[in-house]
Amino acid sequence: MTDFVLPHADPYTMLSHMALYGLAAIAEDAGLDDVRLSWTPGMNSRPVLSAPEATPETIGEIVRRHAARHDDPDAWPSRHLRDGEQRALMSPRISVITTGDGWQSLQQRRHAVLDQLTRARALLDLRLIAALGEPAYWSRNGKGDRLQDDGASRLEMQPRNQGSEFVGNRLRPLAAAVAARTAEVVADGLAGRRVRDEIAKDKPDSRTPTGFAAPGPTDNALAWCALWGISQFPIAQRVNATATTSGHIGRATGGWFCVPVWTGRWRTARHRTVLASGQLARFAAAGLPPKALGKPPDSEPVDGEPARGWLAARGVTAVIRFPVQRFGSDSAPERRAMRGELLKTDKPLVVRTRR
């Protein structure tokens, strides 16, 4: 096996985990054999992608080609909500649609894209679109107002300032930037040897991390992989509530993200199973006050001990829990995963009393 290490990826930053997940998914989708995910041992653990041919040249070219394919004018990220406008058809959060005809047009166009991707057996594309979610035509509040964002993944944190949306304002520019690179420059960016934030022009307050890290210049190849990491977190739609996102606990407007750190080399399928497991969510929720989890204040705290044993038996050494905070205006808030907290599976959990 050959190891491709992300040596500058801090495990206490959500971006590092997402970049590993997306890189592995992209490499596997490209046909790279025997792709595995792991973490280096020791105090300064770093994410690793392993495969017999995981050389920097091979990885760099795989990611470059993946971006180039999605930079094509006929690719699904390039599809517009309607003719003559720039908003992307496949974004899960868009400005409000007010008419029945508008909703029918949206669904017909989206279904045509999904049918095309299904015929092409584009599994990773379908997995990302499904994980991102869709505008919720079915969700309304007590006043009858439509809550379109209820069908979107909590991991989709693109701010909605001035009508911006995830696919058109983030995926499209990143695809073009990474596709314009050489394989060597892509690999250097992933490894942190040469950080280039083309879409933000290397501004110190760059929003390229899209909520997975604090604002700042972020290599565009690393960000591209991180956003495709969302594909590994399936969601479950609900009729009268926001969609449930794998790896997220607590209130929809905030809460926490949670991801595992493990020993050994995992395949992507095993990793997705753990990410979507109830045990991961329960272990991460243990010790948090019920009110913070959206439950009545007098509810019993979550018992994470059974989950701890389940995770430890599968090689999970720790879970990192990232609090999600909101910044900016109430009308167009910016959500961000803050620095993570390490919860080790070899230590009993501290359960807080009721508040």
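Going along each chain's sequence as written, the residues are numbered from 1 onward. In keeping with the model being predicted, local features are shown solely for residues with a pLDDT of at least 70 and side-chain atom pairs are shown and tallied solely at 80 or more, while totals for entire chains, interfaces and linings include all residues. Hydrogens and water molecules were not included; the side-chain quantities draw on all heavy atoms of the structure.

Considerations on the overall build of the protein
When helices and strands are counted, the protein shows ten helices and ten strands. Using C-alpha atoms as the atom set, the radius of gyration is obtained and then compared with a globule rule of 2.2 Å times the number of residues to the power 0.38. Here the C-alpha atoms of the protein give a radius of gyration of 20 Å, agreeing with the 20 Å that 2.2 N^0.38 yields for 355 residues. Counting only C-alpha atoms and orienting by the principal axes, one finds that the protein spans roughly 55 × 55 × 40 Å. Only protein chains enter the area calculation, which uses a 1.4 Å probe; residues under 20% of their type maximum are buried, those over 50% are exposed, and those in between are partly exposed. Across the 355 residues that make up the protein, the buried fraction comes to 52%. Lys and Arg are tallied as positive, Asp and Glu as negative. Neither His nor the chain termini are counted. Note on charges: their place is set at NZ of Lys, CZ of Arg, CG of Asp or CD of Glu. The protein carries 49 positive and 38 negative side-chain charges, and their two centres are separated by 5 Å. The way it works is that DSSP assigns letters per residue, a run of H or I at least four long becomes a helix, a run of E at least two long becomes a strand, and they are numbered from the N terminus.

Side note on the packing of aromatic side chains
Two aromatic rings from Phe, Tyr or Trp, using only the six-membered ring of Trp, form a pair when their centres are within 6.5 Å; if the ring planes differ by under 30 degrees the pair is stacked, by over 60 it is edge-to-face, and anything between is tilted. According to the stated counting rule, one finds seven aromatic pairs in the structure shown. Here the aromatic rings of Tyr21 and Phe233 are separated by 5.8 Å at their centres, their planes lie at 45 degrees, and the arrangement is tilted. Note that Tyr21 is positioned in helix α1 (residues 14–29) and Phe233 in the loop between α7 (220–228) and β4 (235–236), a separation of 212 residues in sequence. With respect to burial, Tyr21 and Phe233 carry one shared label: buried. Note on Trp224 and Trp228: the rings are 5.7 Å apart at their centroids and 55 degrees apart in plane angle, and the pair reads as tilted. You can see Trp224 and its partner Trp228 sitting in helix α7, four residues apart, about one turn around the helix.

Some words on the sheet that holds strand β1 (residues 2–5)
Taken in spatial order, the three strands of this open sheet run β1-β3-β2, and their pairing is antiparallel. Each end of this open sheet is capped by a strand with a single partner; those strands are β1 and β2 (36–39). For this sheet, the mean inter-axis angle between neighbouring strands, taken without regard to orientation, is 30 degrees. Only strands joined by at least two bridges in the DSSP assignment are considered to pair. Bridge count for β1 against strand β3 (residues 47–51) is four bridges, and the pairing is antiparallel. Within β3, the position partnered with Asp3 by the bridge is Ser50. Every axis corresponds to a line fitted to the C-alpha atoms, with the helix fit spanning only the stretch in contact, and the corresponding angles, defined between N-to-C directions, vary from 0 to 180 degrees.

Things to note about the side chain of Ser91
One can find Ser91 in the loop between α2 (56–70) and α3 (100–119). Residue classification places Ser91 among the buried positions, given a relative accessible area of 0%. Here the side chain of Ser91 touches Glu165 through a polar contact of 2.5 Å, side chain to side chain. Nitrogen and oxygen atoms within 3.5 Å of one another constitute a polar contact, given that in protein one can donate a hydrogen and the other can accept it, and given that sequence-neighbouring residues count only through two side-chain atoms. Engagement of the side chain of Ser91 in a polar contact is seen with the backbone nitrogen of Val167, the distance being 2.9 Å. Any two residues having at least one pair of non-hydrogen atoms within 4.5 Å are treated as being in contact. In contact with Ser91, other than residues within four places in its own chain, are Arg110, Pro135, Glu165, Phe166, Val167 and Gly168.

Some points on the environment of Trp310
Looking at the element boundaries, Trp310 is found in helix α10 (residues 305–313). For Trp310, a relative accessible area of 22% translates into the label partly exposed. The spatial distance from the C-alpha of Trp310 to the C-alpha of Ser139 is 35 Å, given a sequence separation of 171 residues. Those residues in contact with Trp310, other than ones at most four positions away along the chain, are Ser277 and Gln279.

Section: α7
The buried fraction of α7 is high, at nine of nine residues. Buried within α7 are the following residues: Asn220, Ala221, Leu222, Ala223, Trp224, Cys225, Ala226, Leu227 and Trp228. Lining the buried residues of α7 we find α1, α2, α4 (123–132), α5 (166–179) and α6 (183–191). With a side-chain oxygen positioned 3.0 Å from the backbone nitrogen of Ala221, the residue opening α7 is Asp219.

Regarding the environment of Asp149
Tracing the sequence through the fold places Asp149 in the loop between α4 and α5. Asp149 gets classed as partly exposed once you look at its relative accessible area, which sits at 29%. Placed 16 residues apart in sequence, Asp149 and Gly133 show a C-alpha to C-alpha distance of 9.2 Å. With near-sequence residues (within four places) excluded, Asp149 lies in contact with Arg93, Arg154 and Arg160. A polar contact is formed between the side chain of Asp149 and the side chain of Arg160, at a distance of 3.2 Å.

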